[in-house]
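As a plain string of letters, each chain reads:
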Amino acid sequence: MNYLKIKGICVSLVLIGIQSCGGVPEETSASSTSDKVFAVADIMTLVAEENDITRTLYTKGIVGAGKKQGLKFDEDWQDDDVEAGPLPALFLRGVSADIRKSDVPLGLYLGSDFPINASNKFQGKQADLFKKIKTDQKPQHFYEEDQKLYTSMFADLAVAAPCVNCHNDHESTTKTDWKLGDVMGATTWQYPSDSLSYKEAIGVINAYRNGTKAVYNSYLEEIAAFKIDSTKPTIGKAWPSSGFYLPTAEVFIDSVRKLASYHSLEKLLLADNHKKVKETTDLASN
Ligand code: HEC
């Protein structure tokens, strides 16, 4: 199970031939500060980028293309009498709920200033910082005093036509003139410490990936329980862009990994190189 959890990273490492799975450094002491090689903002940036890739792929490749094939997506997708899949925001909320069930202390929230769902409206410091994000689209990293959590916020952009159309037309919308490219909201990520070890960083990435897999799988389980056969797409290797199909969870996650892994790996290695340079300098100055 442990192997499965870190498989994404291991495979990437093997691919470019530097380290095998077992090569991910074992920590001698989880609390040793010298092991804390990653700044929390860097790891939140990394996982937020994976989330962007996942979210865009799901919105365009599954929701956008799927709707054209007759697949339905609904707020109440988990109700027994609703034969539909999760909306992108609910997909994200599902991932967030799955992470919360894991032992990784990572928080994920999607908010906005003009939300469809009032409980997604930013409050306090996050509302102030969101105003900044709307003007420059730059991430905000800060310490949330009240919750005692390191917090990073990233712009959530209207990357695909379905984002704009669905929000503008929604019966509970608070804004009807969203345009493609608008900052529609922000994802807020939270973590309790300012730096992470390798193990913790990989834990964060895997908690996110496992969450994605769990939500996607529960969508496929919903489909299996659909009562009307004509509403069940064929599940396999193909995507809705080529017919009444849906990819399996493995195919979906694989596509995310292909798009995200290389970039994620680069970042992990870069941080490791910084550490090595620092160690060499420290040694030289001793
Ligand atoms: C088919 C409809 C639909 C599509 C497509 C869709 N959304 Fe949403 N979105 C919703 C609904 C409904 C909610 C509220 C869900 C809830 O109850 O939290 C929501 C929530 C959100 C929120 C949180 C604030 C709010 O409005 O409650 C943001 C931000 C957001 N969506 C952005 C996007 C972006 C960006 C995309 C495209 C990548 C997108 N949405 C695609 C329907 C949609």
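Scroll up to find the structure this text is about.
None of the values given here were measured: they were computed from a predicted structure.

Looking at the pairing of strand 6 (residues 149–157)
Counting buried residues in strand 6 gives seven out of nine residues, a clear majority hidden from the surface. Linking strand 5 (residues 140–144) to strand 6, which pair antiparallel, is a turn of four residues; within it Lys148 sits at a positive phi near 55°.

Digging into the pairing of strand 5
Alternating residues of strand 5 divide into Gln140, Phe142 and Glu144, all buried, and His141 and Tyr143, none buried. Pairing of strand 5 with strand 6 involves five bridges; the strand directions are antiparallel. Note that in strand 6 the partner of Glu144 across the bridge is Leu149.

Focus: the pattern of salt bridges
Pairing of side chains with opposite charge becomes possible as their charged atoms draw close. Evaluation of the coordinates by the stated rule reveals seven salt bridges. Here Lys134 makes a salt bridge to Asp113, at a shortest N to O gap of 2.9 Å. Within this pair, whereas Lys134 is found in helix 4 (residues 124–136), its partner Asp113 is found in the loop between strand 4 (107–111) and helix 4, the two being separated by 21 residues in sequence. Overall, the relative accessible area of 30% leaves Lys134 in the partly exposed class.

Describing the coordination of the iron atom of the ligand
With respect to protein ligation, the iron atom of the ligand binds only His167 (NE2), at 2.0 Å. Within the secondary structure, His167 sits in helix 5 (residues 161–169).

Overview of helix 4
The set of residues buried in helix 4 consists of Gln126, Leu129, Phe130 and Ile133. When helix 4 is viewed along its axis, its buried side chains cluster within an angular range of 115° and face the same direction. The outward face of helix 4, more than 90 degrees from its buried face, is lined by the exposed residues Gly124, Lys131 and Thr135. Residues of helix 4 that are buried sit in contact with strand 4, strand 5, strand 6 and strand 7 (183–191). At the C-terminal side of helix 4, Gln137 shows a positive phi close to 60°.

Description of the packing of helix 3 (residues 88–101) against helix 6 (residues 198–224)
Between helix 3 and helix 6, the shortest axis-to-axis distance is 8 Å and the interhelical angle comes to 125°. On the basis of the axis angle, helix 3 is oblique to helix 6. Crossing of helix 3 against helix 6: the hand is right-handed. In contact with Phe91, Gly94, Val95, Asp98 and Ile99 of helix 3, helix 6 contributes Ala207, Tyr208, Asn210, Gly211, Thr212, Ala214, Val215 and Tyr216. When grouped by side-chain class, the residues that make up the contact of helix 3 with helix 6 number eight nonpolar, four polar and one charged.

Examining the nonpolar core
In summary, soluble globular proteins display a tendency toward joint burial of nonpolar side chains. The biggest cluster of nonpolar side chains holds 49 residues, and the ones touching the most others in it are Tyr219 and Phe252. Listed by contribution, the elements that provide at least two residues to this core are helix 2 (40–68), helix 3, strand 4, strand 7, helix 6 and helix 7 (249–285). Among the elements that take part in this core, helix 6 stands out by supplying 12 residues, more than any other. Those residues in contact with Phe252, other than ones at most four positions away along the chain, are Thr54, Leu57, Tyr58, Ile62, Phe91, Thr212, Tyr216, Trp239 and Pro247. Membership of the second largest hydrophobic core comes to nine residues, among which are Leu129, Phe130, Ile133 and Phe142.

Thresholds applied
Residues numbered from 1 in each chain as written. Predicted model: local features only at pLDDT ≥ 70, side-chain atom pairs only at ≥ 80, totals over all residues. Heavy atoms only, no water. Buried < 20%, exposed > 50% of the residue type's maximum accessible area, 1.4 Å probe, protein only. Helix = DSSP H or I, 4+ residues; strand = E, 2+ residues; numbered from the N terminus. Pairing = 2+ DSSP bridges. Salt bridge = Lys/Arg side-chain N within 4 Å of Asp/Glu carboxyl O. Donors = N, O, S within 2.8 Å, 3.2 Å for Na, K, Ca; no water. Arc of directions from axis to C-beta. Contact = heavy atoms within 4.5 Å. Axes fitted to C-alpha atoms, helices over the stretch in contact; angles between N-to-C directions. Parallel < 35°, antiparallel > 145°, perpendicular 65-115°, else oblique. Left-handed = near helix turned anticlockwise from the far one by under 90°. Nonpolar A, V, L, I, M, F, W, Y, C, P; charged D, E, K, R; others polar. Core = buried A, V, L, I, M, F, W, Y, C linked by side-chain atoms within 4.5 Å.

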